[in-house]
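Here is what each chain is made of, one letter per residue.
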Amino acid sequence: MPTPMSPSATARDAYFDALVREYQPNRPLPGAFYTSADVFAVDVERIFRRWWMFAGHACAIPKPGDWFTCTIAGDSIIVLRDQHGDIRAFFNTCRHRGSRICGTETGHATHLVCPYHRWTYDLSGRLMANTAAEFGVDPAGLSLHPAHVRNAAGLIFVSLAEQPPSFDEAFATISRKLAPHGMERAKAAHIVEYRVKANWKIVFENNRECYHCPANHKEYIRSTYDVARDEARLDPRRQAEIEAITERANARFRALGLDEGDVSSNMTGAFYRCHRTPLMEGFVTQSLDGKPVSSLMGDFKQHDVGTLRITVFPNFWQHSNSDHAVAARLTPLAPDLTLVRGIWLVDKDAVEGKDYTLETLLPLWSTTNEQDWTICENQQLGVSSSRYRPGPYSKLREPNVAHFLEWYLRETAGWTPASRAAE
Ligand code: FES
Ligand code: FE
C-alpha cells in the first residue's frame, strides 16, 4: 500500500507548479529552483527517486560477492556482483525491522548478514532463514527489495522507481561506444569527494557549456576544441576550419574501428550524450602537456583516440581517453549542497610509479574540477539574492544548458514548449 502523502506535500506541489509558470524558456530557472527546500523535495521525488542514477563503476566489484554502497535520494543502496557475475542492486534495509545491513562503503561477502538479529540474505537478495514457523511469514516474501540496475560497458546505473523510464537507447549507445575503452578491466587510481556548496542543477548546468571555459579553465582548453567550436559558431569564417578538423579526426576514428560523432544532447533531444571528440593537435590524451599519463586501456593499440564524452542526466559525466578516464558522480544532499565524487580510472594492471603517477594523471581534471566548483558556488550565492532575475542564454554557446532545463521541467512538471504556448 502506498504511503499516504503528507499534508504539506500538496501545498508543496502547488508551490512548485506556480514556480514552473514563472520559468521563461532559454533562461536559467527562477531562484527558488536553486534554493528552496520544497523544490529540492520535488527533485528528490520526481528525479532522483525515479530516474537512472549513476551508482559507480563495475570494475569496483570485479568478483562475485564484491559490493559497494551508495546513496540515492537519501536511500542507501547495495550494488553487488552475484555468484553468476551479474550485477544487482538492493535497498540496504533489512526485511525484519529495517536495520541497515552493509555499514561501510565497500566490502566482500558470500552472504549479506544483518548486524541486528543476523537475518542472512544470499547474493540474489533471498532471505535464507526459515521464518515460516517462528514469524508466520514465508521467507520468499522477505527478500531484499531490489532496485533496477543496468551495467553499460562498466557504468552502473540504478533506478529506484518501480517502473523506471526507458534506458534502452542510452544503454545500447553507451555500451557500444564505451566497449573499446575496457572499463570492466579498469581500476580507480584516485577518488576524491568534493562538497560543492551549490544546487545540483547549477553543477550540472555548468557542465553543459564551455562558454565559461576561456575565463576559468586555461589548462582544460589547451586539450580540446570546445572553445574553438564555440568561436566558429560566432564567426562563420572559422566553421570550415573546425569542420575539416572534425572530419579528419572522424576519418581516423573510423579507420580505428571506433564510433565517430559529435552530437550534443540538445541536437538529439536525449537525456544523454555519448560522442567522441578530437583532441587538440599535439595532444594524444587529456593531460596538461598532451602526453600519455598511463598505459593503454581496453582494446587500444595507440594513444590518440580522441576523448569519448558521456553525460547522463542528472548525475554523471565521464571523459574517456586511451589511457585513462575521469568520471564525476553527483549526489545532491541539500538545496545548496552537492557531493561530487571524482574518479580517475586506469587499466587494472597499470602500476603506480611505473605506468602512471598521480602527479601527471590528476592535474588536468583536479584543477578543472576545483575551478568549476568555485564558479558554481559563486552562482549559488548570486541566485540566492533577492534581486536575482534569470538572464538570457546564448543561443550559440548555451543551448545545451537550455536543453537540460527543459528535460528537468518535463520530468518534474510535464513542461514542454508546446504546453507553455497553450497557457
Ligand atoms: Fe535485521 Fe532484525 S533488523 S535482523
Ligand atoms: Fe567547467
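Let us look at the structure shown here. Keep in mind it's a predicted model, so treat the numbers as computed, not measured.

## Let's talk about the overall build of the protein
Part 1 of the argument: A tally of helices and strands in the protein yields 14 helices and 15 strands.
Part 2 of the argument: Along the first, second and third principal axes, the C-alpha set of the protein runs to 80 × 60 × 35 Å.
Part 3 of the argument: Counting all 423 residues of the protein, 54% fall into the buried class.
Part 4 of the argument: Within the protein, residue pairs in contact and separated by at least 24 positions form 66% of the contacts whose partners lie at least 6 positions apart.
Part 5 of the argument: Summing over all exposed atoms, the protein offers an accessible surface of approximately 18,800 Å²; the carbon and sulfur share of this is 52%.
Part 6 of the argument: Computed over 47 positive and 50 negative side-chain charges, the separation of the two mean positions in the protein equals 1 Å.

## Structural notes on the coordination of the iron ion (ligand 2)
Part 1 of the argument: Within the protein, the iron ion (ligand 2) binds to His-212 (NE2), His-217 (NE2), Asp-372 (OD) and Asp-372 (OD); these donor distances fall in the range 2.0 to 2.6 Å.
Part 2 of the argument: Note that the iron ion (ligand 2) binds four donor atoms; their angles at the metal cover 55 to 149 degrees, and the shape is irregular.

## What about the environment of Gly-414?
Part 1 of the argument: By the secondary structure assignment, Gly-414 is in the loop between α13 (399-413) and α14 (417-422).
Part 2 of the argument: The exposure class of Gly-414 is partly exposed, given its relative accessible area of 47%.
Part 3 of the argument: It is 10.0 Å that separates the C-alpha atoms of Gly-414 and Val-20, two residues lying 394 residues apart in sequence.
Part 4 of the argument: Ignoring anything within four residues of it in the chain, the contact list for Gly-414 reads Leu-409 and Ser-419.

## Section: the pattern of salt bridges
Close approach of charged atoms allows side chains with opposite charge to pair.
Part 1 of the argument: Counted by the stated rule, this structure contains 25 salt bridges.
Part 2 of the argument: Residue Glu-45 is joined to Arg-12 by a salt bridge in which the shortest nitrogen-to-oxygen separation is 2.8 Å. Here Glu-45, found in helix α3 (residues 37-48), pairs with Arg-12, found in helix α1 (residues 7-22); they are 33 residues apart in sequence, far enough to count as distant.
Part 3 of the argument: Notably, a salt bridge pairs Arg-238 with Glu-241, separated by 3.2 Å at the nearest N-O pair.
Part 4 of the argument: Salt bridges linked by common partners bring Arg-12, Asp-13, Glu-45 and Arg-46 together as one network.

## Here we look at the pairing of strand β15 (residues 337-347)
Part 1 of the argument: Here β15 lies mainly inside the structure; eleven of its eleven residues are buried.
Part 2 of the argument: Relative to β15, strand β10 (residues 186-196) runs antiparallel, the two sharing ten bridges. Within the sheet, the bridge partner assigned to Lys-187 lies in β15 and is Val-346.

## Regarding α1
Part 1 of the argument: Over its 16 residues, α1 runs 24 Å from end to end, which matches the ideal 22 Å to within 8%, given 1.5 Å per residue.
Part 2 of the argument: Among the residues making up α1, those that are buried are Ala-9, Arg-12, Asp-13, Phe-16, Leu-19 and Val-20. Each buried residue of α1 sits inside an arc of 125 degrees when the element is viewed along its axis, so together they form one side. Seen from the buried face of α1, the exposed residues on the opposite side, beyond 90 degrees, are Pro-7, Thr-10, Ala-11, Arg-21 and Glu-22.

## Quick notes on the sheet that holds β15
Part 1 of the argument: Here we have six strands laid out as an open sheet, ordered β10-β15-β14-β13-β12-β11, and antiparallel in their pairing. Sheet topology places β10 and β11 (272-277) at the edges, where each strand pairs with a single neighbour. Averaged over all pairs of adjacent strands, the angle between strand axes in this sheet comes to 10 degrees, irrespective of strand direction.
Part 2 of the argument: Those strands touched by helix α12 (residues 363-383) are β10, β13 (316-320), β14 (325-334) and β15, and its axis lies near 20 degrees from that of β10.

## What to know about the nonpolar core
Part 1 of the argument: In this structure, Val-79, Val-158 and Tyr-408 are the most contacted members of the largest nonpolar core, which totals 98 residues.
Part 2 of the argument: A per-element tally of this core places α13 first, with seven residues.
Part 3 of the argument: When neighbours within four sequence positions are excluded, Val-79 is seen to be in contact with Ala-55, Ile-61, Asp-66, Trp-67, Phe-68, Ile-87, Arg-88, Ala-89, Ile-156 and Val-158.

## Let's talk about the state of the cysteines
What is meant by a disulfide is a covalent connection between two cysteines, made through their sulfur atoms.
Part 1 of the argument: Considering all chains together, one arrives at one disulfide under this definition.
Part 2 of the argument: Note that Cys-210 is cross-linked by a disulfide to Cys-213, the S-S spacing being 1.9 Å. Between Cys-210 and Cys-213 the disulfide shows an S-S torsion of about -95 degrees. By sign, it is left-handed. The residues Cys-210 and Cys-213 share a single accessibility class, namely buried.
Part 3 of the argument: No disulfide involves Cys-274; its sulfur sits 17 Å from the nearest other cysteine sulfur, which is in Cys-59.
Part 4 of the argument: Cysteine Cys-376 shares no disulfide, and the gap to the nearest cysteine sulfur, in Cys-213, comes to 12 Å.

Cut-offs applied
- Residues numbered from 1 in each chain as written.
- Chains lettered and ligands numbered in written order.
- Predicted model: local features only at pLDDT ≥ 70, side-chain atom pairs only at ≥ 80, totals over all residues.
- Heavy atoms only, no water.
- Helix = DSSP H or I, 4+ residues; strand = E, 2+ residues; numbered from the N terminus.
- Buried < 20%, exposed > 50% of the residue type's maximum accessible area, 1.4 Å probe, protein only.
- Contact = heavy atoms within 4.5 Å.
- Areas by Shrake-Rupley, 256 points an atom, 1.4 Å probe, with all protein chains shown as cover.
- Lys, Arg positive; Asp, Glu negative; His and termini not counted.
- Charge placed at Lys NZ, Arg CZ, Asp CG, Glu CD.
- Donors = N, O, S within 2.8 Å, 3.2 Å for Na, K, Ca; no water.
- Tetrahedral: all angles 85-135°; square planar, octahedral: opposite > 155°, others 65-115°.
- Salt bridge = Lys/Arg side-chain N within 4 Å of Asp/Glu carboxyl O.
- Pairing = 2+ DSSP bridges.
- Expected span 1.5 Å × (residues − 1).
- Arc of directions from axis to C-beta.
- Axes fitted to C-alpha atoms, helices over the stretch in contact; angles between N-to-C directions.
- Core = buried A, V, L, I, M, F, W, Y, C linked by side-chain atoms within 4.5 Å.
- Disulfide = S-S within 2.5 Å.

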